[in-house]
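Analysis of the macromolecular model
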Amino acid sequence: MKRHFLAIALGIPFGLLSVNPLTIALADIRPTIPPAWYNCLTREVWSPEKQAWCDKLRSLQEQTYKIPDYGSVTLRNGSFEDTEKRFLVKLVNRQGWVHFGDLNGDDKTDAVFPLFVNSGGSGQFVYLTTVLDVSGTPKVLSSVLLGDRVKLNRVDILNQQIRVDLVTQGPQDPLCCPTLPVKWSYQLDAAEGAIVANQTAPKPMVKPQPLRTKPVVKDTLVFVETSKYAARVFQKQGTPVLNLYNKEAQVLELDTVPVQRKVTGTGTSYTYTGEMTVSVAQTKDGAKLLELNGIPQNTDMNSASATVTGTVSYLQRIAMPPDATLEVRLLDVSRQDAPAEVLASETISFGGRQVPIPFALTYNPDKIQENHTYTVDARILVDGKLRFISDTVNQVITRDNPTTIEIIVKPVK
């Protein structure tokens, strides 16, 4: 009778009970346990499991890595910047991106994760990186290029293979705006001491060519690209609409939103007003302009630029809705008798993500004066209402201050 009740509860036909029913039942209902992930910026009392996980992450954030086309770089707190060759390398801890597991069958803890490389231009190159036995002596393998401006969903170690879930460019996609979901697989080549692509991943891994100046889209009205954003105004059922893609955060911040068209003696502009204000314009002489929240964006890819990067977090154990937005600004606060000057700003949609949210503020280094004070402030809004705000002075750039920071915002009472 007990066996019959077990069969009913587990949905097993009575005829199977003579063939080890409990083994069959447990094999069918065994749950899939998601890999552990922790936010290592929170300040609560950590569990032993979280402490061990974050210790391994800190080890990764201080290693030397071999990146094709860039050479060896040594991270400090997860970041490296070469001011002469002008490129930045980041290890970002986001859920699904960092995975610890056994890759070579020695029952030790290995790690796979992405490294993001930005060289100040349009490219945002994503490299799959592997470190063997991070619980003992780490052995860093050479990184493998996943692509330029691809959208990474997650990486996993499963049955001693690396599985990568991402969105890459389809045949008609410009590099800025990938739409093709793919799942690639890699494994360890013991003889070569490297990871190699299986049949489910592209071979060979070739660095993509620079972005075409005009994407192959017949209905495009204006396409503008900066080091951080790609904006496309196009026709949809006779109405001009806008897509705005944040290349550094890998987020489509505005998706097919209607814009107002205005024709003047100097050219044509398209403006969207909502959670952020975006203006895309093309002058009669062919110049293309992009403004975000009234601030002109640098559309000259070859001009000098520098970046302040970091993350924004809060300590409260609450989740933000998908329509929450993060606003971050780089300010010159040197003049006590005048409002702060905004050198760069960024508005990021949460889109279902949770803190820490990464940001990157690109500015013109020629405008920086060594005797001035520069800070970064941040705030989080939900339905246009202020929820969190930074209440400390986060100094950057000059006076030996860093260009990578972690900002903790506080709730607004």
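In the block above lies the structure referred to throughout.
Computed from a predicted model, the values in this text were never measured in an experiment.

A few words now on the overall build of the chain. When you go through the chain residue by residue, the secondary structure sums to 3 helices and 31 strands. Evaluated residue by residue, the chain yields a buried proportion of 48% over its 413 residues. Residue pairs in contact within the chain that sit at least 24 positions apart in sequence constitute 50% of those at least 6 positions apart. Carbon and sulfur atoms make up 52% of the accessible area of the chain, which totals about 21,300 Å².

For helix α3 (residues 48–60), built from 13 residues, the straight-helix expectation of 18 Å at 1.5 Å per residue is met to within 8% by its first-to-last C-alpha distance of 19 Å. On the buried face of α3, the contacting elements are β1 (64–67), β5 (99–101), β6 (110–118) and β7 (124–132).

This part takes up the pattern of salt bridges. Scanning the entire structure with this criterion turns up 9 salt bridges. Among the ionic pairs, Glu62 bridges to Arg76, the shortest N-O distance being 3.8 Å. Of this pair, Glu62 sits in the loop between α3 and β1 while Arg76 sits in the loop between β2 (71–74) and β3 (79–82), and the two are 14 residues apart along the sequence. The class for Arg76 is exposed, based on a relative accessible area of 52%. The network of salt bridges with shared partners includes Asp148, Arg149 and Glu225.

Before going further, it helps to examine the packing of aromatic side chains. Evaluated as defined, the whole model comprises 8 aromatic pairs. An angle of 90° between the planes, with centres 5.3 Å apart, marks the rings of Trp53 and Phe100 as edge-to-face. A residue pair is termed long-range when its members are at least 10 positions apart, and Trp53 in helix α3 and Phe100 in strand β5 qualify at 47 residues. By relative accessible area, Phe100 is classed as buried at 14%. Each ring, one from Tyr70 and one from Phe87, has its centre 4.9 Å from the other, and the planes form 50°; the classification is tilted. Taken as a pair, Tyr70 in the loop between β1 and β2 and Phe87 in strand β4 (residues 87–90) lie far apart in primary sequence, 17 residues in all. On the basis of relative accessible area, Phe87 is assigned to the buried category, the value being 5%. One aromatic cluster in this structure is built from Tyr70, Phe80, Phe87 and Tyr127. Against the face of Phe100 rests Lys56, its NZ or CZ located 4.7 Å from the ring centre. The ring of Phe234 carries Arg232 above its face, with NZ or CZ at 3.9 Å from the centroid.

The subject of this paragraph is a nonpolar patch on the surface. There is a patch of nonpolar side chains on the surface, built from Leu386, Ile389 and Val412 and spanning about 200 Å² of accessible area. Tracing the backbone shows Val412 in the segment after β31 (410–411).

Read from one edge of the open sheet, 5 strands run β18-β19-β20-β21-β22, paired in antiparallel fashion. Edge positions in the sheet fall to β18 (260–263) and β22 (295–296), since each has one partner strand and no second. Two strands pair when backbone bridges link them, and β18 and strand β19 (residues 267–273) are joined in this way by 4 bridges, in the antiparallel orientation. Bridge pairing in β19 places Arg261 opposite Tyr270.

Within the largest apolar cluster, 30 residues are counted, with the highest numbers of intra-cluster contacts made by Val308, Leu326, Leu330, Phe359 and Val376. Secondary-structure elements contributing two or more residues to this core are β23 (306–313), β24 (325–332), β25 (341–349), β26 (357–363), β27 (374–382) and β30 (404–408). When residues of this core are assigned to their parent elements, the largest contribution, 5 residues, is made by β27. Ranked by size, the runner-up nonpolar core spans 27 residues in total, among them Phe113, Leu115, Val117 and Leu145.

Further remarks concern the layout of surface pockets. Empty space within the largest pocket amounts to approximately 610 Å³. Lining the largest pocket are 36 residues; nearest its centre among them are Lys90, Leu91, Val92, Gly310 and Thr311. Mapped by element, the contributors of at least two residues to the lining of the largest pocket are α3, β4, β6, β23, β26 and β30. The greatest single-element share of the lining of the largest pocket, amounting to 4 residues, is contributed by β23. Grouping the amino acids of the lining of the largest pocket by side-chain chemistry returns 15 nonpolar, 14 polar and 7 charged. Empty space within the second largest pocket amounts to approximately 510 Å³. As for the second largest pocket, its lining consists of 22 residues, of which Trp37, Asn39, Gln354, Val355 and Pro356 are closest to the centre. Along the lines of polarity and charge, the residues of the lining of the second largest pocket split into 9 nonpolar, 7 polar and 6 charged.

Calculation rules
- Residues numbered from 1 in each chain as written.
- Predicted model: local features only at pLDDT ≥ 70, side-chain atom pairs only at ≥ 80, totals over all residues.
- Heavy atoms only, no water.
- Helix = DSSP H or I, 4+ residues; strand = E, 2+ residues; numbered from the N terminus.
- Buried < 20%, exposed > 50% of the residue type's maximum accessible area, 1.4 Å probe, protein only.
- Contact = heavy atoms within 4.5 Å.
- Areas by Shrake-Rupley, 256 points an atom, 1.4 Å probe, with all protein chains shown as cover.
- Expected span 1.5 Å × (residues − 1).
- Salt bridge = Lys/Arg side-chain N within 4 Å of Asp/Glu carboxyl O.
- Phe/Tyr/Trp six-rings, centres within 6.5 Å; stacked < 30°, edge-to-face > 60°.
- Lys NZ or Arg CZ within 6 Å of the ring centre and 35° of its normal.
- Patch = residues over 30% accessible without salt bridge, like charges linked within 9 Å, V, L, I, M, F, W, Y side chains within 5 Å.
- Pairing = 2+ DSSP bridges.
- Core = buried A, V, L, I, M, F, W, Y, C linked by side-chain atoms within 4.5 Å.
- 1 Å grid on protein atoms, 1.4 Å probe; cavity = no way out; pocket = protein on both sides within 12 Å on 5 of 7 lines; lining within 4 Å.
- Points joined across faces, edges and corners; volume = space filled by probe spheres on them.
- Nonpolar A, V, L, I, M, F, W, Y, C, P; charged D, E, K, R; others polar.

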